Amino acid sequence: MSLRAILLGPPGSGKGTQAAYIVERFKITHISSGDLFRRHVRERSPIGLHLEPFLSAGDLVPDDLVFEMLAESIALACASGGYLLDGFPRTLAQAEKTYELAESAGFTLHAVVALQAPTEVLVARLLRRGEDSGRPDDTEAVIRHRLNVHEQSTAPLLDYYGRRGILQVFDASPPIAEVRERLLKRLDEIVTSADEH
Ligand code: AMP
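Overview of the structure.

Cut-offs applied
Every chain's residues receive numbers from 1 upward, in the order its sequence appears when written. Side-chain atom pairs in this predicted model are given and counted only at pLDDT of 80 or more, local residue features only at pLDDT of at least 70, and totals for whole chains, interfaces and linings cover all residues. Values shown for side chains rest on all heavy atoms present in the structure; no hydrogens or waters enter the calculation. Here, the term nonpolar core denotes a set of buried Ala, Val, Leu, Ile, Met, Phe, Trp, Tyr and Cys residues that are joined through side-chain atoms within 4.5 Å. For every residue, the accessible area obtained with a 1.4 Å probe (protein chains only) is divided by the maximum for its type, and the residue is called buried under 20%, exposed over 50%, and partly exposed between those limits. The numbering of helices and of strands both runs from the N terminus, where a helix is a DSSP run of H or I of at least 4 residues and a strand a run of E of at least 2. What makes two residues a contact is simply this: any of their non-hydrogen atoms within 4.5 Å. The near set for a molecule or strand comprises every residue that places at least one heavy atom within 4 Å of it. Polar contact is the term for a pair of N or O atoms within 3.5 Å; when the atoms are in protein, one must be able to donate a hydrogen and the other to accept it, and sequence-neighboring residues count only if both atoms are side-chain atoms. All accessible-area figures derive from a Shrake-Rupley calculation using a 1.4 Å probe, and residue coverage is judged against the displayed protein chains alone. Put simply, the grid is 1 Å and covers the protein atoms alone, a cavity is a trapped set of points that fit a 1.4 Å probe, a pocket is an open set with protein on both sides within 12 Å along at least five of seven lines, and lining residues have an atom within 4 Å of a point. Grid points are joined across faces, edges and corners, and a volume is the space filled by probe spheres set on the points. Residue type decides the class: Asp, Glu, Lys and Arg count as charged, Ala, Val, Leu, Ile, Met, Phe, Trp, Tyr, Cys and Pro as nonpolar, and the leftover types, Gly among them, as polar. Picture the helix axis, draw a direction to every C-beta atom, and the arc is the one those directions span. Following DSSP output, two strands are said to pair if at least two bridges run between them. Structural elements are reduced to axes, namely lines fitted to C-alpha atoms, with helices fitted over the stretch in contact, and the angle between N-to-C directions of any two is expressed from 0 to 180 degrees.

1. Observations concerning the nonpolar core
Here is step 1 of the chain: One finds Phe37, Leu70 and Tyr161 to be the most contacted residues of the largest nonpolar core, which totals 29 residues.
Here is step 2 of the chain: Top element by residues in this core is helix α4 (residues 63-80). It accounts for eight residues.
Here is step 3 of the chain: Among residues more than four places away in sequence, those in contact with Tyr161 are Ile6, Leu8, Pro89, Ala95, Leu109, Val112, Ile166 and Leu167.
Here is step 4 of the chain: Grouped together as the second largest cluster of nonpolar side chains are 26 residues, Val23, Phe26, Leu122 and Phe170 included.

Printed below as a string of structure tokens:
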């Protein structure tokens with residue numbers, strides 16, 4: 001019983017938190033582009049220095065650089081059979097490239113989980129997180145910019161995956177435990193039914 005899924009959602013929708021639950025439940029590989037990029041910035045690696053301006057402004061890292069960094073992990077994750085991509089793909093170009101990689105490894109996705117919540121709920125959550133995390137991109141101006149970037153670049157992915165019939169939309173406004181329960185229940189059903197076919 002394995003799961004291959006993508007987790008989409010604006011900043012503040014609880015993506016990272018729910019990703020941890022999904023990965024634990026299905027024992028699959030977790031790839032978080034944001035975590036990987038932040039690690040490079042923190043360690044001040046050569047690529048980290050290149051990434052830093054994009055992250056601190058809340059702009060998307062260019063697709064070719066994203067792929068250069070993630071292609072190998074994605075290929076490995078595909079080969080391991082089960083994975084959750086978190087924060088990636090974020091643009092149509094990334095989605096198409098990911099599809100090619102998975103297809104060439106002979107795998108198809110089970111589900112694309114999209115978390116959604118009203119803008120003001122997201123802003124309030126991120127401001128609270130900023131107080132604790134000290135993340136430089138959790139200030140109000142950058143938060144609002146990241147939400148706009150998400151809306152413009154990532155929202156088209158809902159259409160793309162909706163047309164492929166694998167989109168699962170969840171309201172991310174309720175408390176974390178409630179979202180977790182609904183999400184895991186739905187994913188359990190999807191994996192069980194995929195196993196039966
Ligand atoms: P996240 O933790 O997923 O909110 O990502 C933090 C930041 O990393 C984003 O604001 C972008 O600057 C960058 N980033 C993460 N994933 C991607 C991606 N798939 N494509 C482009 N930029 C990304």
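2. Observations concerning the site of the ligand
Here is step 1 of the chain: Near the ligand lie 17 residues; those nearest to it are Ser33, Arg38, Asp59, Gly87 and Gln94.
Here is step 2 of the chain: Here an oxygen atom of the ligand and a side-chain polar atom of Arg38 are 2.9 Å apart.
Here is step 3 of the chain: Separating a nitrogen atom of the ligand from a backbone N or O atom of Val61 is a distance of 3.0 Å.
Here is step 4 of the chain: Contact with the protein chains removes 94% of the 480 Å² of surface that the ligand exposes when unbound.

3. Here we look at the layout of surface pockets
Here is step 1 of the chain: Each pocket or cavity is described by its volume, and for the largest pocket that value is around 930 Å³.
Here is step 2 of the chain: As for the largest pocket, its lining consists of 42 residues, and the residues nearest its centre are Pro11, Lys15, Arg129, Arg135 and Arg146.
Here is step 3 of the chain: Elements with a contribution of two residues or more to the lining of the largest pocket: α1 (15-26), β2 (29-32), α2 (33-43), α3 (46-57), α6 (119-133), α7 (140-163) and α8 (176-196).
Here is step 4 of the chain: The biggest single contributor to the lining of the largest pocket is α2, with five residues.
Here is step 5 of the chain: Of the residues contributing to the lining of the largest pocket, the split by class is 16 nonpolar, 15 polar and 11 charged.
Here is step 6 of the chain: Within this model, the second largest pocket holds a volume of roughly 270 Å³.
Here is step 7 of the chain: Of all the secondary structure elements, the ones that give two or more residues to the lining of the second largest pocket are β4 (111-116), α6 and α7.
Here is step 8 of the chain: For the lining of the second largest pocket, the element with the highest residue contribution is α7, accounting for eight residues.
Here is step 9 of the chain: Class assignment of the residues belonging to the lining of the second largest pocket gives a composition of nine nonpolar, six polar and two charged.

4. Let's talk about the side chain of Arg146
Here is step 1 of the chain: Tracing the backbone through its elements, the reader meets Arg146 in helix α7.
Here is step 2 of the chain: Here the side chain of Arg146 touches Asp138 through a polar contact of 3.0 Å, side chain to side chain.
Here is step 3 of the chain: Apart from the residues within four sequence positions on either side, Arg146 is in contact with Pro11, Gly58, Arg129, Arg135, Asp137 and Asp138.

5. Remarks on α2
Here is step 1 of the chain: Buried within α2 we find Ser33, Gly34, Leu36 and Phe37. All buried residues of α2 project into a common sector of 165° when viewed along the axis, lining one side. Exposed and oriented more than 90 degrees from the buried face of α2 are Arg42 and Glu43.
Here is step 2 of the chain: Where the residues of α2 are buried, they touch β2, α3, α4 and β3 (83-86).
Here is step 3 of the chain: Two residues or fewer past α2, Arg44 is found with a positive phi of approximately 50°.

6. Some details on the pairing of strand β1 (residues 4-8)
Here is the key point about a regular strand: its side chains alternate between the two faces of the sheet.
Here is step 1 of the chain: The element β1 is largely enclosed, with a buried count of five among its five residues.
Here is step 2 of the chain: Pairing between β1 and β3: four bridges, direction parallel. In the sheet register, Ala5 faces β3, and the bridge partner there is Leu84.
Here is step 3 of the chain: Sheet topology note: the β1/β4 ladder contains four bridges and is parallel. Paired with Ile6 across the strands is Val112, a residue of β4.

7. Digging into the sheet that holds strand β5 (residues 167-171)
Here is step 1 of the chain: On the basis of which strands lie adjacent, the open sheet formed by five strands has the order β2-β3-β1-β4-β5 and parallel pairing. The two strands at the open ends of the sheet, each matched to only one other strand, are β2 and β5. Pairs of neighbouring strands in the sheet enclose a mean axial angle of 20°, with direction left out of account.
Here is step 2 of the chain: α7 rests against β1, β4 and β5 of the sheet, and its axis sits at about 145° to β1.

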